[in-house]
2 protein chains.
Amino acid sequence: MRRAHHPATEDVALTEVMAALSDPVRIGLLRVLADGGERGWGELRAPVAKSTLSHHLRVLRDAGVTRTRQEGTRCYVRLRRADLEARFPGLISAVLAAADADEVGSGVGLAAEAS
Amino acid sequence: MRRAHHPATEDVALTEVMAALSDPVRIGLLRVLADGGERGWGELRAPVAKSTLSHHLRVLRDAGVTRTRQEGTRCYVRLRRADLEARFPGLISAVLAAADADEVGSGVGLAAEAS
DNA sequence: CCCCTTGTTCGATGTTCGTCGAATGTCGAA
DNA sequence: TTCGACATTCGACGAACATCGAACAAGGGG
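Computed from a predicted model, the values in this text were never measured in an experiment.

## Here's the deal with the interface of chain A and chain B
Taken together, the contacts link 21 residues of chain A with 21 residues of chain B. Together chain A and chain B conceal approximately 1,500 Å² of surface at their shared face, both sides included; 76% is due to carbon and sulfur atoms. On the chain A side of the contact with chain B, L14(A), T15(A) and M18(A) bury the most area, a combined 34% of that side's loss. On inspection of chain A and its partner chain B, the count reaches two salt bridges. Linking R87(A) and D102(B) is a salt bridge whose minimum nitrogen-to-oxygen distance equals 3.0 Å. If you look at where chain A meets chain B, you find two residue pairs in polar contact (both at pLDDT 80 or more). The greatest single-element share of the side of chain A that touches chain B, amounting to six residues, is contributed by helix α5 (residues 91–102) of chain A. Of the residues in the side of chain A that touches chain B, the class split is 15 nonpolar, three polar and three charged.

## A closer look at the UniProt feature "domain: HTH arsR-type" (unreviewed entry) in chain A
Following the UniProt record, the feature "domain: HTH arsR-type" (unreviewed entry) maps to residues 6–99 of chain A here. Between the C-alpha atoms that bound residues 6–99 of chain A the distance is 25 Å, and the span itself is 49% helix and 17% strand.

## Details of the protein's contact with DNA strand C
In the region of DNA strand C, 22 residues are neighbours, and W41(A), S54(A), R26(B), A49(B) and H56(B) sit closest. The share of sugar and phosphate among atoms of DNA strand C within 4 Å of the protein is 66%. The contact in question runs from a base oxygen of DNA strand C to an N or O atom on the side chain of S51(B), over 3.0 Å. The separation between a phosphate oxygen of DNA strand C and a polar side-chain atom of T52(B) is 2.9 Å. Across the surface near DNA strand C, the residue classes break down as six nonpolar, nine polar and seven charged.

## Examining unusual backbone geometry
Positioned with a positive phi, E103(A) is a non-glycine residue whose angle comes to about 55°. Structurally, the position occupied by E103(A) is in the loop between α5 and β5 (109–110).

What counts, and where the lines are drawn
- Residues numbered from 1 in each chain as written.
- Chains lettered and ligands numbered in written order.
- Predicted model: local features only at pLDDT ≥ 70, side-chain atom pairs only at ≥ 80, totals over all residues.
- Heavy atoms only, no water.
- Contact = heavy atoms within 4.5 Å.
- Buried area = accessible area lost by both parts, 1.4 Å probe.
- Salt bridge = Lys/Arg side-chain N within 4 Å of Asp/Glu carboxyl O.
- Polar contact = N/O pair within 3.5 Å; in protein donor to acceptor, adjacent residues only side chain to side chain.
- Helix = DSSP H or I, 4+ residues; strand = E, 2+ residues; numbered from the N terminus.
- Nonpolar A, V, L, I, M, F, W, Y, C, P; charged D, E, K, R; others polar.
- UniProt positions renumbered as here; feature names shortened; annotations may be inferred.
- Near = heavy atom within 4 Å.

Laid out in structure tokens, this is it:
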């Protein structure tokens, strides 16, 4: 269960980031993580099975969009916003603004959040 | 052969645009069309078969990224930059800047272009 | 030690995608 | 009208993807 495999900032590929961000669930996760804060895995709520959520988080991580930290049996995820901003200036902000306006991935949220 | 089917500006979906722009060939087409000028089909050069190029142009058109105009037996394609800018401010510019920096889709070009 | 929680991985399934060659439709020119 | 250029569509293929349930590690707590 120990595979981390975060790509280095310079190895983040545009096409992979675009592909990672072309799914509503993953866009939703991006929005939840938009403030830069760290979120616990169990905090995340998405309308998919546990294994599917794990898969989506893996896609985001492999593409270089998020960073995952493990602490004991729990793990925490956060957006690699500074890295992405350095690599593709303005891209994440534009995607976030567009996603907010369109309410893409609104099915994704946090546990203690008023719907 | 008469199907146009360009989505209205307000019907352009973020996830579809992101998916359309997650392929190197289509990113290359975006770069070729970046200046807003109209390009003839036959002008376009890409390292794929004719039918595959047609497919990629269709994906871009269906996603609302480009607009295709038919004149006799030839057709011309152009970027819907103003529409996209209105719908998703800053997105296309950010993608173009990132693509230029990374030289994504550099295999795509125009006929009379020095390689 | 046993078990429960937590997140990943596995196997399976149905869908979508990128790619090609071939066939088709559409138009202008001879 | 016949021919050729041009672009789309069709049919097919393997690869990749989204999704699920179940099985599997890795720790923490009783």
